[in-house]
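Listed below are the residues making up each chain.
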Number of protein chains: 2
Amino acid sequence: MRTFLATIGLITLASLAHAQVRSAEVTSDRRVIFRLKAPQATEVRVNGNWPGGRNVVMTKDAAGLWSVTTAPLPAELWTYSFSLDGAAVLDPGNDQVAREGRRYSNVLLIPGAASALYQPQRIAHGTVDAVWYPSGNLKTGRRVLVYTPPGYEQGKAKYPALYLLHGRGGDEESWISQGVANVILDNLIAQGKAKPMIMVILNANWGESAALNLGGTRVLPAGPELPEAPLSSDYDMGEREIVRDVLPFIESRYRTQATREGRAIAGLSMGAGIALAVGLKRLDTFAYVGQFSSGLFGGSPAYPAFDLESYWPGLLKDPAATNKKLKLLFFSCGTEDPRMPFQEKTVAAMQSHKINLLFKRYPGGHEWSVWRTSLAEMAPLLFKTGY
Amino acid sequence: MRTFLATIGLITLASLAHAQVRSAEVTSDRRVIFRLKAPQATEVRVNGNWPGGRNVVMTKDAAGLWSVTTAPLPAELWTYSFSLDGAAVLDPGNDQVAREGRRYSNVLLIPGAASALYQPQRIAHGTVDAVWYPSGNLKTGRRVLVYTPPGYEQGKAKYPALYLLHGRGGDEESWISQGVANVILDNLIAQGKAKPMIMVILNANWGESAALNLGGTRVLPAGPELPEAPLSSDYDMGEREIVRDVLPFIESRYRTQATREGRAIAGLSMGAGIALAVGLKRLDTFAYVGQFSSGLFGGSPAYPAFDLESYWPGLLKDPAATNKKLKLLFFSCGTEDPRMPFQEKTVAAMQSHKINLLFKRYPGGHEWSVWRTSLAEMAPLLFKTGY
């Protein structure tokens, strides 16, 4: 149908970037054929994040069509772009594009067990609301995405809520666009593996009101009332924003379980630092805390040296009390991530203090495959009595 | 802030397509500087939809940086792409991208009176919900975007609703991504020019459940239970879907004014045909009907010859009765659109039957500048006592 419509399409757009030769065709044996029509080009390469995906040279036929076929690829939601005569550009023959802040990449889903949760299925889907909440802290309206699970609107039940934070360079849409968090939750809930929950995805760039590209709603001009470039590593700012502004807004607008046991906070990279700093400081508010690939402990130049005691005074002193409050402390990191040894050191230190935590090592570096897996494995552990 | 974060950004993505030289810089006198780093390229052109924007040649400096500066451009939300050695690609130096179905284009806002409604302002913003409704007609869940105006959640008032349809090749996100319909309504409502209203944006490709690229939620696999490629020009199908499935769903989930006078239907191009066919047939349901650039009357190969009487039996026979039901019949078309003469002929024929209608001619062809203006000028006329 779509092909048919496109063929007789009549809309005049200046830039039909994707009315191109079809590219990123996945064969039955999981090879991928990339194609680009660029008759005058002298060099075209594919740059993908699969093993061996860097600088893959394409070759040109007599008609000016560049192509290359990969080896069979592992199941995953991969991303890539082309290098076309020295410029990094999107593949105009693949209409699947993901965005992380200012950065776009093509998306390539290789089907299989490892990517099954990332594929939308013909099941009930949750609703995703793009809502503006009033930030008293930042003195502006700010955009937050709220996933409510299938059945939410039809019933009267109250749901637990996961507050989820993006990484540096991302925004409130990253967990949807790159992370397919709504698809993962739809699938986990349909399979009975995760409890139906609300998911609240914040913009953790405190200096901006909303994503720079909202599919139409663009960034607000900086106003005199907006504080100048508050750092995301200002965890007091994060605590004020999340606990004093976002959380009460969500709990007044949505049917939430407004208890510690009904709230989780987690994030990736920069957002992992925020989730951990705020979550462990505010165990009066959150009983479930997750951090995926934080650089807080080292391996990232953005942070000062980490000291458990000074970050969470009191947390380690009475492990039994801490463990009683913490229904789940979930740590994860990619095996190739330079943050891994620092994560391991911190995990060992916390375990030496007898703090209960679950530490998961996933293959990969500082990248979305690790974070999607982290969400997919953490979500089933949330809002249950133990782990 | 954003620049700072990008500079120290630590996230590893395979394709940082937009970590490029800044492009599409708008100068104070409304010129635009395009830039692309492509040392090995032999030819780079800009293709934009502003006057003189076709095939604008860029030149290369010694460092391999291609650039060109345009003449001052009129205020508008323009779109463009690059031609890079024969391949049509997005500008990797501009993070503003819009999508229409499978097609992506860069976006370029030239500020001024003509584009003021398209710029997000520091005002109250409506909420945009991405909701899945059960289609009994098509036997699947389908995605619909629902805009609720500022204040909706805080109060108990019932709101009128505009049902809005995209064109061929588009989907339920086109009116947001290319049409900035939510921004236009936010601005019109804040200025007191339009009544606060709900806006319901359907996917009118009856053969698909949802947009092919949902920023993470990708197309559902075709299932045996989904009817095979029902045509969008099957207006009985449109009527069933809109009036029997979408409308009752919306009216059960949102606080709507469930009367003729509380409902409008409008669309562009293909969606204009649907809106007009369904709206005029179902004046028991809709009191406001709008069509922007329909090809129904001619000028488009997709439709058979148009006959007023056979499309809307009875509509013309008693103009007083029709006019009494129709609070607004809004027609618009671009002056350069090949559909214009056919629109004019139809308008003349309807006026000869003494059917009240408002016909607006806007500069431009079959394109989004015309459709955004159409929405911006029609919305203030909706849900009022007359025009």
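Every value quoted in this text rests on a predicted model; they were computed, and no experiment measured them.

Participant: Quick one: what's the story with the overall build of chain A, residue by residue and with numbers?
Facilitator: Assigned secondary structure in chain A consists of nine helices and 20 strands. Counting all 387 residues of chain A, 63% fall into the buried class. A separation of at least 24 residues holds for 73% of the contacts in chain A among residues at least 6 apart in sequence.

Participant: Summarise the side chain of B:Ser174; cite the residues concerned and give the values.
Facilitator: All names here are of chain B. Structurally, the position occupied by Ser174 is in helix α2 (residues 174–177). At 3.0 Å, the side chain of Ser174 forms a polar contact with the backbone nitrogen of Asp171. Ignoring sequence-local partners within four residues, the contact set of Ser174 consists of Arg99, Glu100, Gly101, His166, Gly179 and Trp368.

Participant: Tell me about the environment of A:Gly299, residues and numbers included.
Facilitator: For A:Gly299, the position within the fold is in the loop between β18 (288–292) and α6 (308–311). A sequence separation of 23 residues divides A:Gly299 from A:Leu276, and the C-alpha atoms of the two residues are 17 Å apart.

Participant: Outline the pairing of strand β9 (residues 97–100) of chain A, supporting the account with residue identities and numerical values.
Facilitator: Residues and elements named next belong to chain A. Of the two faces of β9, the one lined by Val97 and Arg99 and the one lined by Ala98 and Glu100 are each fully buried. Summarising the sheet, β9 and strand β10 (residues 103–110) pair through four bridges and their orientation is antiparallel. Note on β10: the bridge partner recorded for Glu100 is Arg103.

Participant: Would you mind going over the packing of aromatic side chains in detail, with residue names and values included?
Facilitator: Two measures describe an aromatic ring pair: the distance that separates the ring centres and the angle between the ring planes. All names here are of chain A. One pass over the structure, following the stated rule, counts 36 aromatic pairs over all chains. Both rings, one in Phe34 and one in Tyr80, keep their centres 4.8 Å apart while their planes meet at 65°; by these two values the pair is edge-to-face. Here the residue Phe34 occupies a position in strand β2 (residues 32–37), and Tyr80 occupies one in strand β7 (residues 76–84), the gap between them amounting to 46 residues. Tyr80 shares its class with Phe34; the two are buried. Aromatic side chains Trp50 and Trp78 sit 6.5 Å apart centroid to centroid with 75° between the ring planes, which places their arrangement in the edge-to-face category. Residue Trp50 is found in the loop between β3 (44–48) and β4 (56–57), and its partner Trp78 is found in strand β7; the two are separated by 28 residues along the sequence.

Participant: An account of the sheet that holds β2(A) is requested, with residue identities and associated values reported.
Facilitator: What holds strands together in a sheet is hydrogen bonding between their backbones, with the strands either parallel or antiparallel. Residue and element names in this part refer to chain A. Strand order in the open sheet formed by four strands is β1-β2-β6-β5, and the pairing between neighbours is antiparallel. Lying at the two open borders of the sheet, with one neighbouring strand each, are β1 (25–26) and β5 (59–60). Strand direction decides the pairing type here: β2 and strand β6 (residues 65–69), joined by five bridges, are antiparallel. Each residue of the ladder has a partner; that of Arg35, found in β6, is Ser67.

Participant: I'd like a rundown of the pairing of strand β17 (residues 263–268) of chain B, residues and numbers included.
Facilitator: Residue and element names in this part refer to chain B. Among the six residues in β17, six count as buried, and that is most of the element. Taking every second residue as pointing to the same face, both faces of β17 are buried, with Arg263, Ile265 and Gly267 on one and Ala264, Ala266 and Leu268 on the other. Across five bridges, strand β13 (residues 161–165) lies against β17 in parallel orientation. Bridge pairing links Leu165 to Gly267 in β17. Pairing of β17 with strand β18 (residues 288–292) involves five bridges; the strand directions are parallel. When the bridges of β18 are listed, Ala266 appears paired with Gly290. You can see the chain leave β17, run along helix α5 (residues 270–281) and come back into β18, and the turn it takes is right-handed.

Participant: Any details on the environment of B:Gly334? Residues and values, ideally.
Facilitator: Residue and element names in this part refer to chain B. With respect to the secondary-structure elements, Gly334 resides in strand β19 (residues 328–334). As a C-alpha pair, Gly334 and Asp318 span 16 residues in sequence and 30 Å in three-dimensional space. Dropping the residues within four chain positions of it, Gly334 is found in contact with Ser293, Met340, Tyr362, Gly364, Gly365 and Val370.

Participant: Run through the nonpolar core, naming residues and quoting values.
Facilitator: Counting residues in hydrophobic clusters, the biggest one holds 84 residues, and the most contacted among them are A:Leu162, A:Trp175, B:Leu162 and B:Trp175. Ignoring any residue separated from it by four or fewer positions in sequence, one finds A:Leu162 in contact with A:Met197, A:Ile198, A:Met199, A:Val200, A:Ala264, A:Ile265, A:Ala266, A:Leu375, A:Met378, A:Leu382 and A:Phe383.

Participant: I'd love a proper account of the pattern of salt bridges, names of residues and values included.
Facilitator: Inspection of every chain in the model, using the stated rule, returns 42 salt bridges over all chains. Between B:Arg263 and B:Glu251 there is a salt bridge whose closest N-O contact spans 2.6 Å. Taken together, the positions of B:Arg263 in strand β17 and B:Glu251 in helix α4 (residues 235–253) put the pair 12 residues apart, joining distant regions of the chain. Among the residues examined, B:Glu251 registers a relative accessible area of 21% and is labelled partly exposed. Salt bridges here are not isolated pairs; linked through shared partners, they connect A:Arg99, A:Arg143, A:Asp171, A:Glu172 and A:Glu173.

Participant: Any chance you could break down the sheet that holds strand β1 (residues 25–26) of chain B for me, citing the residues and the numbers?
Facilitator: The four strands are arranged β1-β2-β6-β5 (chain B) in an open sheet whose pairing can be described as antiparallel. Bordering the open sheet on either side are β1 and β5 (59–60) of chain B, each of which pairs with just one other strand.

Participant: Now, about helix α4 (residues 235–253) of chain A: what can you tell me, with residues and values included?
Facilitator: Residues and elements named next belong to chain A. Over its 19 residues, α4 extends 25 Å from the first C-alpha to the last, a length consistent with the 27 Å expected when each residue adds 1.5 Å. At Val246, α4 shows its maximal bend, which comes to roughly 30°, and the proline Pro248 appears one to four places after that position. Where α4 is concerned, the buried positions are Tyr235, Met237, Gly238, Glu239, Glu241, Ile242, Val243, Asp245, Val246, Leu247, Phe249 and Ile250.

Participant: Describe the packing of helix α3 (residues 181–190) of chain B against helix α9 (residues 368–378) of chain B, with residues and values.
Facilitator: What describes two packed helices is the angle between their axes and the distance between those same axes. Residue and element names in this part refer to chain B. Contact geometry for α3 and α9: axes closest at 10 Å, N-to-C directions at 30°. It follows from the interaxial angle that α3 and α9 lie roughly parallel. For the pair α3 and α9, the sense of crossing is right-handed. Where α3 abuts α9, its residues Ala181, Ile184 and Leu188 lie against Arg372, Leu375 and Ala376. Looking at the contact of α3 with α9, its residues break down into five nonpolar, no polar and one charged.

Participant: Which residues make up the confidence of the model for chain A, and what are the values?
Facilitator: All names here are of chain A. When pLDDT is averaged along chain A, the result is 88, and 88% of the positions lie at 70 or above. In the predicted structure, residues 1–19 sits below a pLDDT of 50 and forms 61 contacts with residues beyond four places in sequence or in another chain. Throughout residues 215–229 the model reports pLDDT below 50, and contacts reaching past four residues in sequence, or to other chains, amount to 41 contacts. Two summary scores accompany this predicted model of the complex, namely pTM at 0.91 and ipTM at 0.89.

Participant: Mind laying out helix α8 (residues 340–352) of chain B, listing which residues take part and the relevant values?
Facilitator: Residue and element names in this part refer to chain B. The end-to-end C-alpha distance of α8 is 18 Å, a good match for the 18 Å that 13 residues give at a rise of 1.5 Å each. Considered for burial, the residues of α8 that qualify are Met340, Gln343, Thr346, Val347 and Met350. Down the axis of α8, the buried side of the element spans an arc of 125°, and every buried residue falls inside it. Turned more than 90 degrees from where α8 packs its buried face, Lys345 and Ser352 sit exposed. Looking at the buried side of α8, the elements it contacts are α5, β18, α6 (308–311), β19 and β20 (358–362). Backbone geometry just after α8 places Lys354 at a positive phi near 65°.

Reading guide: rules and limits
Residues numbered from 1 in each chain as written. Chains lettered and ligands numbered in written order. Predicted model: local features only at pLDDT ≥ 70, side-chain atom pairs only at ≥ 80, totals over all residues. Heavy atoms only, no water. Helix = DSSP H or I, 4+ residues; strand = E, 2+ residues; numbered from the N terminus. Buried < 20%, exposed > 50% of the residue type's maximum accessible area, 1.4 Å probe, protein only. Contact = heavy atoms within 4.5 Å. Polar contact = N/O pair within 3.5 Å; in protein donor to acceptor, adjacent residues only side chain to side chain. Pairing = 2+ DSSP bridges. Phe/Tyr/Trp six-rings, centres within 6.5 Å; stacked < 30°, edge-to-face > 60°. Right-handed = clockwise from strand over helix to strand, strands pointing away. Core = buried A, V, L, I, M, F, W, Y, C linked by side-chain atoms within 4.5 Å. Salt bridge = Lys/Arg side-chain N within 4 Å of Asp/Glu carboxyl O. Expected span 1.5 Å × (residues − 1). Bend = angle between axes of the 7 residues up to and from the residue. Axes fitted to C-alpha atoms, helices over the stretch in contact; angles between N-to-C directions. Parallel < 35°, antiparallel > 145°, perpendicular 65-115°, else oblique. Left-handed = near helix turned anticlockwise from the far one by under 90°. Nonpolar A, V, L, I, M, F, W, Y, C, P; charged D, E, K, R; others polar. pLDDT = per-residue confidence, 0-100. Arc of directions from axis to C-beta.

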